[in-house]
Amino acid sequence: MPRTYAASKALFERAQRVIPGGVNSPVRACRSVGADPVFIAQGDGPIVTDADGNTYIDMIGSWGPLILGHSNAEILDAIKEAMGMGTSFGAPTEVEVRFAEAVTAAMPVMDMVRAVSSGTEATMSALRLARGATGRDKIIKMDGGYHGHTDCLLVAAGSGAATLGIPGSAGVPAGAAKDTIVVPYNDAAAVEQALAGGDVAAVIVEPIAGNMGTVPPAPGYLEALRAATAKHGTILIFDEVMTGFRVAYGGATARFGVTPDLVCVGKIVGGGLPAAAFGGRGDIMRHLAPLGGVYQAGTLSGNPLAMAAGLRALEILRRPGTYERLEQLGARLEAGLLAAAKAAGHDFCINRIGSMLTMFFTAGPVTDYATAKRADTALFASFFRGMRERGIFWAPSQFEAVFLSLAHSENEIDEICAAAQASLASPK
Ligand code: HOZ
């Protein structure tokens, strides 16, 4: 039966009258893949259902948070329990302490952690803290790295900015971006050179890039960043909003055994509700108000519902076998997609770490943003449309990752691979 989209179409028309572009985050508009968005009504395990009743195997997972799948019963119970006590107090609560204890235990680099409501807030706050603690203004970020939409980081940015071709946003004052130095990802020598003046407050990096598509660090890259930043008194910030609790319980920091000074986490840590956090070395964290002079605050920071959902998600992820299972599923998906690509006779490069993966429509290797940009985005767009028509909800951008959850099974992986083979064989 061909799918119909009348209800989504009607919602999109209404949405465009009152929401810019009809969406609350640009990449969801699906413009770069030549499609209109479908409006989601419901999610259950690995499946989402749109407003017209069409079902899809979800590979977006809310862009990373839903590592347990949709409507996980234990997470819903935790939220209900917390909700029964009230929804927000603007005063300290016990659940925030338990959340901080769990996150610092997972990431030993964090002597202390502060909760915020989004990944953007976490990276923005970590940078202000690094600047306050060092008394320096300059920062280094990677070309195609994305750390949310803070002014000074919306320079050569990946994710939605790369997807829409606006990596430097209008509205960012020249002054806000003048201290941002951009170097290629996976190029430690470029970072060393930029650090040489001894005037850089922080290097911020996704230890596994996820917002130019998935790009793993080259062997020795993170170690070289650690050594160079330590030498120059520069604070090394790992943006683990995407990778924290995803590529290992302790994130990329644990997976690669390289210890930064500050880490930002988000997505999974909120269990599907809006929560994020930044933390790190105690001597740096003590610069935060009320202990020190770096101001940072938030009415809904440490929101009890989000803390309860996040804590329960971490509890579940600590159970034995979690990351082995995600690796198994990821490996099966990678193998199936490679076979589909081979059958279609196209050049592809699949980058995967555990349960996060990007299928680049280029021969590769993809090691940085310049090589990611070699991808054939028109072919990707056709793949996206073919997949969606076949009931697979793939991320609507070549420069994003797709994510598996513990709710996916071998059956869904095999369906995804069959759909990929069909979509590649007959472009839409
Ligand atoms: N830029 C986000 C992913 N890297 C997308 C957020 C969203 O649209 O939900």
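Residues numbered from 1 in each chain as written. Predicted model: local features only at pLDDT ≥ 70, side-chain atom pairs only at ≥ 80, totals over all residues. Heavy atoms only, no water.

A. Expanded view of the sheet that holds strand E14 (residues 402-403). Spatially, three strands are ordered E11-E12-E14 in an open sheet, and the strand pairing comes out antiparallel. If you trace the sheet from one side to the other, it starts and ends with strand E11 (349-353) and E14, each paired once. Two elements, strand E12 (residues 356-360) and E14, share two bridges in a ladder whose sense is antiparallel. Bridge assignment links Met356 to a residue of E14, and that residue is Phe403. (Pairing = 2+ DSSP bridges. Helix = DSSP H or I, 4+ residues; strand = E, 2+ residues; numbered from the N terminus.)

B. Just the site of the ligand, in detail. In the vicinity of the ligand, the contacting residues are Ser25, Val27, Arg28, Trp63, Ser159, Asn211, Met242 and Glu400. Contact between the ligand and Ser25: an oxygen atom at 2.9 Å from a side-chain N or O atom of the residue. Of the residues contributing to the shell around the ligand, the split by class is three nonpolar, three polar and two charged. (Near = heavy atom within 4 Å. Polar contact = N/O pair within 3.5 Å; in protein donor to acceptor, adjacent residues only side chain to side chain. Nonpolar A, V, L, I, M, F, W, Y, C, P; charged D, E, K, R; others polar.)

C. Examining the packing of aromatic side chains more closely. In the structure shown here, the tally under the stated rule is ten aromatic pairs. Summarising the aromatic geometry, the rings of Phe361 and Phe383 are spaced 5.3 Å apart at their centres and angled 55° between planes, so their arrangement reads as tilted. On the criterion of sequence distance, the pair formed by Phe361 in the loop between E12 and helix H13 (369-372) and Phe383 in helix H14 (residues 377-389) is long-range, its members being 22 residues apart. With respect to class, Phe361 is no different from Phe383; both count as buried. Ring pairing ties together the aromatic residues Phe348, Phe361, Phe380, Phe383 and Trp394, which thus form one cluster. Lying over the aromatic face of Tyr56, Arg3 brings its terminal NZ or CZ to 4.8 Å of the ring centre. (Phe/Tyr/Trp six-rings, centres within 6.5 Å; stacked < 30°, edge-to-face > 60°. Buried < 20%, exposed > 50% of the residue type's maximum accessible area, 1.4 Å probe, protein only. Lys NZ or Arg CZ within 6 Å of the ring centre and 35° of its normal.)

D. Region of interest: the packing of helix H3 (residues 94-106) against helix H11 (residues 304-317). Here H3 crosses H11 at 35°, and the two axes come no closer than 9 Å. In this structure, H3 crosses over H11, and the sense of that crossing is left-handed. Here Val95, Glu96, Arg98, Phe99, Ala102 and Val103 of H3 come into contact with H11, specifically with Pro304, Met307, Ala308, Leu311 and Leu314. Looking at the contact of H3 with H11 residue by residue, the classes come out as nine nonpolar, no polar and two charged. (Axes fitted to C-alpha atoms, helices over the stretch in contact; angles between N-to-C directions. Left-handed = near helix turned anticlockwise from the far one by under 90°. Contact = heavy atoms within 4.5 Å.)

E. Structural view of unusual backbone geometry. A cis amide bond links Ala289 to the next residue, Pro290, at an omega of 10°. Here Pro290 is to be found in the loop between helix H10 (282-285) and H11. Of note in this structure, Phe245 is not a glycine but carries a positive phi near 65°. Tracing the backbone through its elements, the reader meets Phe245 in the loop between strand E8 (235-240) and helix H9 (251-256).

F. Representation of the sheet that holds strand E2 (residues 47-50) within the structure. Pairing is mixed in the open sheet, where four strands are placed in the order E1-E2-E3-E13. Where the open sheet ends on each side, the last strands, each with one partner, are strand E1 (40-44) and strand E13 (392-393). Relative to strand E3 (residues 55-58), E2 is paired through three bridges, and the arrangement is antiparallel. Counted as the bridge partner of Val48 is Tyr56 from E3.

G. Fine view of the packing of helix H12 (residues 322-344) against helix H15 (residues 410-425). Contact pair H12 / H15: the axes reach a minimum separation of 9 Å and the direction vectors enclose 20°. Classified by the interaxial angle, the pair formed by H12 and H15 is roughly parallel. For the crossing formed where H12 meets H15, the hand is right-handed. Facing Arg325, Gln328, Leu329, Arg332, Leu333, Gly336, Leu337, Ala340, Ala341, Ala343 and Ala344 of H12, the residues of H15 in contact are Glu410, Ile413, Asp414, Ile416, Cys417, Ala420, Gln421 and Leu424. In terms of residue class, the contact of H12 with H15 is built from twelve nonpolar, three polar and four charged. (Parallel < 35°, antiparallel > 145°, perpendicular 65-115°, else oblique.)

H. Examining the environment of Ile57 more closely. Mapped onto the elements of the fold, Ile57 is located in strand E3. Here Ile57 falls in the buried class, since its relative accessible area comes to 4%. Here the alpha-carbon distance between Ile57 and Met387, two residues 330 residues apart in the chain, equals 9.9 Å. When near neighbours in sequence (up to four residues on either side) are disregarded, Ile57 contacts Pro46, Ile47, Gly391, Ile392, Phe393, His408, Glu412, Glu415 and Ile416.

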